[in-house]
Amino acid sequence: MRKSELERVQLLADVGLLTPSIIHDIRSYLTAIKGNAQIGEKLSNDPNSSGRFRKIVELVDRATDMIESFRKFYKGESEKERFVLADILNFAVSLLREKLAGIDIDIKGADVFIDGNKSLLTQVFINLLSNSADALLNSDKKIIRIWVEKIENKKSKLRIFVGDSGSGIPPKIRKKIFKPFFTTKDKGTGLGLFIVKRILERSGGRIKLLDKIEMKKIQKKENLNDLNTIFMVELSYGKGADSR
Ligand SMILES: Nc1ncnc2c1ncn2[C@@H]1O[C@H](COP(=O)(O)OP(=O)(O)OP(=O)(O)O)[C@@H](O)[C@H]1O
Ligand SMILES: [Mg+2]
């Protein structure tokens, strides 16, 4: 193992140790933010601004849920529930609304149930969409396509494809993108895809970056010539309630 890699492993162990205390401190801040927003909502006479305060309370609750899920995830007690895939995709898009402004986003076939950890799987798509938005910054054509394929004969697997017309991923870095701390961005942590991979593996799923040949096949079939990067997320779907 090269020294830099050893240092990275060490750094990751440190991050692991720090996580519970960071979660603890962030939770205190979130509680304070929520309290202030609730007071703001009460004191406000203007329906527009009281609506904004209510939105802050709602988002703080989602953030609290998310860090709670991460805490349980690290302790190995992640919870499962049944939810509709489209709901978490739409939530991820709405959370990243500003970052995704000007991008043509299309979601197809996501009206399916999933049994899994809702907060953590939401985090998966927030990360993928956020990466797509970054990759689209300098593109003339800005599109993101999400579509879903069911594989009935393979233990009810669901394949969720997330593609964008951004910069693409050069072949020489393809093997590195899921490694912790690998980033090509000035302000990136390089933890996004690493966390995504960990979440999916622990959920009995997986993530794959499609190669050129796989992309070509899909582009032919789906008529999606503009996509330069496609990630495939594989998950199980809710049995007994596979569609709505
Ligand atoms: N859709 C994409 N298009 C082009 N490159 C991508 C895409 N998704 C990921 N990458 C590449 O993979 C690298 C690792 O992504 P990852 O999400 O792990 O970290 P990051 O995005 O750089 O940092 P952070 O997630 O903290 O913002 C990115 O720096 C980028 O080079
Ligand atoms: Mg990222």
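Just above, that's the structure.
Each chain carries its own residue numbering, running from 1 in the direction its sequence is written. Just so you know, chain letters begin at A and ligand numbers begin at 1, following the order they were written in. It should be noted that, the model being predicted, local features are given only for residues of pLDDT at least 70 and side-chain atom pairs only at 80 or more, the latter also being counted only at that level, while totals for whole chains, interfaces and linings use all residues. Hydrogen atoms and water are omitted, and side-chain values are computed over all heavy atoms in the structure.

A. Focus on the overall build of the protein chain. What counts as a helix is a DSSP run of H or I of at least four residues, what counts as a strand is a run of E of at least two, and both are numbered from the N terminus. A count of helical and extended segments in the protein chain gives six helices and seven strands. Counting from the amino terminus, the protein chain carries its helices and strands in the arrangement α-α-β-α-β-β-α-β-β-α-β-α-β. Only protein chains enter the accessibility calculation, which uses a 1.4 Å probe; a residue whose area is less than 20% of its type maximum is buried, one above 50% is exposed, and one in between is partly exposed. Within the protein chain, the proportion of its 244 residues that are buried is 41%. Once local pairs closer than 6 in sequence are excluded, the contacts in the protein chain between residues at least 24 apart make up 73%. Accessible surface, the protein chain: about 14700 Å² in total, of which carbon and sulfur atoms supply 53%. For this analysis, residues touch if any pair of their heavy atoms sits within 4.5 Å. Here the open area of atoms and residues is found with the Shrake-Rupley method and a 1.4 Å probe, where only the protein chains shown may cover a residue.

B. How the structure looks around the pattern of salt bridges. Whenever Lys or Arg places a side-chain nitrogen within 4 Å of a carboxyl oxygen from Asp or Glu, that contact is recorded as a salt bridge. Following the criterion strictly, the structure yields 14 salt bridges and no others. Here Asp104 ties to Arg145 by a salt bridge, and the two come within 3.1 Å at their closest N and O atoms. Remark: Arg145 occurs in strand 4 (residues 143-151) and Asp104 occurs in strand 2 (residues 104-108); sequence separation between them is 41 residues. Between Lys108 and Asp106 there is a salt bridge; the shortest N-O distance is 2.8 Å. Here the salt bridges share partners, and the residues they tie into one network are Lys99, Asp134 and Lys185.

C. Region of the structure containing the environment of Met232. Tracing the sequence through the fold places Met232 in strand 7 (residues 229-236). Judged by its relative accessible area of 4%, Met232 is buried. Expressed as a C-alpha distance, the spacing of Met232 and Gly163, which sit 69 residues apart in the sequence, is 8.6 Å. Not counting chain neighbours up to four residues away, the residues in contact with Met232 comprise Arg159, Ile160, Phe161, Arg206, Ile207, Lys208 and Leu210.

D. Structural view of the packing of aromatic side chains. Any two of the Phe, Tyr and Trp rings considered here, Trp counted by its six-membered ring, make a pair once their centres fall within 6.5 Å; the pair's planes then place it as stacked at under 30 degrees, edge-to-face at over 60, or tilted in between. Evaluated as defined, the whole model comprises two aromatic pairs. A centroid spacing of 5.1 Å and a plane angle of 10° characterise the contact between Trp147 and Phe161, whose relative ring orientation is stacked. With Trp147 in strand 4 and Phe161 in strand 5 (residues 157-164), the pair connects residues that are 14 residues apart, well separated along the chain. Assigned by exposure class, Trp147 and Phe161 land together as buried.

E. The nonpolar core, seen in detail. Residues grouped as a nonpolar core are buried Ala, Val, Leu, Ile, Met, Phe, Trp, Tyr and Cys residues, joined through side-chain atoms within 4.5 Å. Ranked by internal contacts, the top residues of the largest apolar core, which has 46 residues, are Leu85, Leu121, Phe125 and Leu128. At eight residues, the largest contribution of residues to this core is made by helix 4 (residues 118-135). Domain start and end points were adopted from an automatic or database domain assignment. Two domains each donate at least three residues to this core, and these are domain 1 (3-75) and domain 2 (81-236). Within the second largest apolar cluster, ten residues are counted, among which are Trp147, Phe161, Leu210 and Met215.

F. Region of interest: unusual backbone geometry. Unusually for a residue other than glycine, Phe181 sits at a positive phi of about 70°. Tracing the sequence through the fold places Phe181 in the loop between strand 5 and helix 5 (192-202). The buried category is assigned to Phe181, whose relative accessible area is 18%.

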